[in-house]
Amino acid sequence: MRLEFAQRYDAQPTAWFRAPGRVDLMGSHTDYNDGFVATMTVNRDTWMAIRPRDDRRVRIASLNLPGTADFSLEAIEHDADVPWTDYVRGAAGVLQDDGAELAGFDGLLHSTVPFGSGLSSSAAIEMATLLAFAAVSSIDLEPLELALLGQRVENEFVGVSCGILDQYTSVLGAAGHALLLDCRSLTSTPVSIAPELAVVICDTRAPRQLAGSEYDDRRAQCEPGAAHMARSNPGIKALRDVSLELFEAHEAELEPVVARRCRFIIEENQRVLDLAQALPGGDRDHLGRLFHDSWVGATQLFEIGAPSMTAMHDAMTGAPGLIARRQAGAGFGGCLVAIVERERVAAFSASVARAYADATGIEPSIFGVEASAGACPVEVG
Ligand code: GLA
């Protein structure tokens, strides 16, 4: 990266930042329902090398993504032709909206987080960029502020109505353990994973379709459910507050599609709490049941499956060392996540890759991940 930076900008970088991707172990679409997620960073990162500029311009390029940007901080605009640069432009935009006096920089990105797979490659770019702007502009930002700013980049600039999960995990995740994240209080507690278990990403590598509009639809279908319950129970602010008993008492009053969405979120929230209890001890049967129930709910009630995901799920059937498997990220394609006997990860990966490729003609990407440190500046010698 140092060489490419020097070739592109005719100077050496002066500062480096690293921000990891993430995977959710339980809790699909619970974040924007004020709920819980069991989440962890993955040891796949976005790296950003920069050199400050003394004008108010930003130049940015990537080793993995086509196109570049060269823009003035005086006028932040979208670039529909090079959409990934919107994460960088948007980071500048939200900081300036908050009154920050930003300095510019020349920057180069490199990502080992696969793009568009549901591992939060975009949140990683946002976190690395926000850290870079904070450094060149001498602004102090707490980790939670970074996460919330990153979410605003998506919500206000990019136009994705995501929750806080991705950005929170990228910056507040930590090495060696998962997090039980409470998306209402924006606090988390560490959850250890039994050491003999490995987390394995099974990326379908099939193109994702309709993800944006379907995501918004899911959000819009959860809200009337919570609003309906709130009429008779004014304390209810979100589906997080609805117990299964209360839901079942009112289920028949809801539109069937709204009822399905709500049931999934309410049950999934409970599964997150159960998983946080089960992960440290590593009870195989319990983990398998929780993941299975999450997958069934996601595909049948929340309907965020895709043929490629089903093919991957099938490809894992009977694979050596498999303990549990479910969807990851927003769904509609992308990755599945599996819990596998650590000593059998290689055999598991080979078997799943072969079965999936035979069934679909697509070479998947299967790899074990470890929880790594959250986003931070890095000293590069
Ligand atoms: C995407 C969003 C998150 C979250 C997940 C689903 O990753 O960015 O906020 O809603 O989907 O759990």
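It should be noted that the structure appears before, not after, this text.
This write-up is about the structure you can find in this document.

### A word on the pairing of strand E10 (residues 335–341)
Then, number 1: With six of its seven residues buried, E10 lies for the most part within the structure.
Then, number 2: Across seven bridges, strand E8 (residues 197–203) lies against E10 in antiparallel orientation. Its bridge partner lying in E10, Leu197 is registered against Glu341.
Then, number 3: Pairing between strand E9 (residues 322–327) and E10: five bridges, direction antiparallel. In the strand pairing of E10, Gln327 is matched with Leu336.

### As for the site of the ligand
Then, number 1: Neighbouring the ligand are Arg22, Gly27, Ser28, His29, Asp31, Tyr32, Cys162, Gly163, Asp166, Tyr215, Gly329 and Ala330.
Then, number 2: For the ligand, an oxygen atom lies 2.7 Å from a polar atom in the backbone of His29.
Then, number 3: When the free accessible area of the ligand is taken as 310 Å², the share hidden by the protein chains comes to 93%.
Then, number 4: Mapping the ligand onto the cavity grids shows that it belongs to the largest pocket.
Then, number 5: For the shell around the ligand, the class distribution of residues is four nonpolar, five polar and three charged.

### Details of the environment of Leu273
Then, number 1: Structurally, the position occupied by Leu273 is in helix H8 (residues 256–281).
Then, number 2: A C-alpha to C-alpha distance of 8.1 Å links Leu273 and Ala38, two positions 235 residues apart in sequence.
Then, number 3: Leaving out residues up to four positions away in the same chain, Leu273 has contacts with Phe36 and Leu180.

### Structural notes on the packing of aromatic side chains
Then, number 1: One pass over the full model with this rule turns up four aromatic pairs.
Then, number 2: With 5.5 Å between their ring centres and 70° between their planes, Tyr32 and Tyr215 make a pair best called edge-to-face. One end of the pair, Tyr32, is in the loop between strand E1 (15–26) and strand E2 (36–52); the other, Tyr215, is in helix H6 (residues 211–232), with 183 residues separating them in the sequence. Here Tyr32 matches Tyr215 in class, with each residue buried.
Then, number 3: With a centroid separation of 4.8 Å and an interplanar angle of 55°, the aromatic rings of Phe105 and Phe133 are classed as tilted. Here Phe105 is found in strand E5 (residues 105–111), whereas its partner Phe133 is found in helix H3 (residues 121–136), with 28 residues between them in sequence.
Then, number 4: Judged by its relative accessible area of 0%, Phe133 is buried.
Then, number 5: The ring of Phe367 has Arg44 sitting right over it, with the charged end atom 3.9 Å from the ring centre.
Then, number 6: In this structure, Arg326 packs its charged tip against the face of Phe291, placed 6.0 Å from the ring centre.

### Quick word on unusual backbone geometry
Then, number 1: In this structure, His29 is a non-glycine residue whose phi angle is positive, near 60°.
Then, number 2: For His29, a relative accessible area of 5% puts it in the buried group.
Then, number 3: Backbone geometry places Leu186, a non-glycine residue, at a positive phi of 55°.
Then, number 4: If you trace the backbone, Leu186 turns up in the loop between strand E6 (178–182) and strand E7 (187–191).

### Regarding the pairing of E1
Then, number 1: Of all twelve residues that make up E1, eleven are buried, and the element is covered over most of its length.
Then, number 2: Two strands pair when backbone bridges link them, and E1 and E2 are joined in this way by ten bridges, in the antiparallel orientation. The partner of Pro20 across the bridge, within E2, is Asp45.
Then, number 3: For E1 and strand E12 (residues 376–378), the ladder comprises three bridges, and the chain directions are antiparallel. The partner of Trp16 across the bridge, within E12, is Val378.

### Concerning the packing of helix H10 (residues 307–316) against helix H11 (residues 345–360)
Then, number 1: Two elements in contact, H10 and H11, have axes separated by 8 Å at closest approach and are oriented at 135°. When the interaxial angle is binned, H10 and H11 end up oblique. The two elements H10 and H11 meet at a crossing, and its hand is right-handed. Every residue of H11 that contacts H10 at Ser308, Ala311, Met312, Ala315 and Met316 is listed here: Phe348, Val352, Ala355, Tyr356 and Thr360.
Then, number 2: Grouping the amino acids of the contact of H10 with H11 by side-chain chemistry returns eight nonpolar, two polar and no charged.

### Thoughts on the nonpolar core
Then, number 1: With 44 residues, the main nonpolar core has Met48, Ile60, Phe105 and Phe133 as its most contacted residues.
Then, number 2: The contact partners of Phe133, leaving out residues within four places of it in the chain, are Val58, Leu73, Val88, Ala91, Ala92, Leu95, Leu102, Ala103 and Phe105.

### A short note on the layout of surface pockets
Any empty space left between atoms is shown by rolling a water-sized probe over those atoms.
Then, number 1: Within this model, the largest pocket holds a volume of roughly 800 Å³.
Then, number 2: For the largest pocket, the lining is made up of 40 residues, of which Ser122, Glu154, Val160, Asp166 and Arg208 are closest to its centre.
Then, number 3: Here the lining of the largest pocket is built from residues that sort into 16 nonpolar, 16 polar and eight charged.
Then, number 4: Forming the boundary of the second largest pocket are 14 residues, of which Ile266, Glu267, Asn269, Gln270 and Arg271 lie nearest the centre.
Then, number 5: Every element with two or more residues in the lining of the second largest pocket is listed here: H8 and helix H9 (284–300).
Then, number 6: Ranked by residue count, the leading element in the lining of the second largest pocket is H8, at seven residues.

About the thresholds
- Residues numbered from 1 in each chain as written.
- Predicted model: local features only at pLDDT ≥ 70, side-chain atom pairs only at ≥ 80, totals over all residues.
- Heavy atoms only, no water.
- Buried < 20%, exposed > 50% of the residue type's maximum accessible area, 1.4 Å probe, protein only.
- Helix = DSSP H or I, 4+ residues; strand = E, 2+ residues; numbered from the N terminus.
- Pairing = 2+ DSSP bridges.
- Near = heavy atom within 4 Å.
- Polar contact = N/O pair within 3.5 Å; in protein donor to acceptor, adjacent residues only side chain to side chain.
- Areas by Shrake-Rupley, 256 points an atom, 1.4 Å probe, with all protein chains shown as cover.
- 1 Å grid on protein atoms, 1.4 Å probe; cavity = no way out; pocket = protein on both sides within 12 Å on 5 of 7 lines; lining within 4 Å.
- Sits in = over half its atoms within 2 Å of the grid points.
- Nonpolar A, V, L, I, M, F, W, Y, C, P; charged D, E, K, R; others polar.
- Contact = heavy atoms within 4.5 Å.
- Phe/Tyr/Trp six-rings, centres within 6.5 Å; stacked < 30°, edge-to-face > 60°.
- Lys NZ or Arg CZ within 6 Å of the ring centre and 35° of its normal.
- Axes fitted to C-alpha atoms, helices over the stretch in contact; angles between N-to-C directions.
- Parallel < 35°, antiparallel > 145°, perpendicular 65-115°, else oblique.
- Left-handed = near helix turned anticlockwise from the far one by under 90°.
- Core = buried A, V, L, I, M, F, W, Y, C linked by side-chain atoms within 4.5 Å.
- Points joined across faces, edges and corners; volume = space filled by probe spheres on them.

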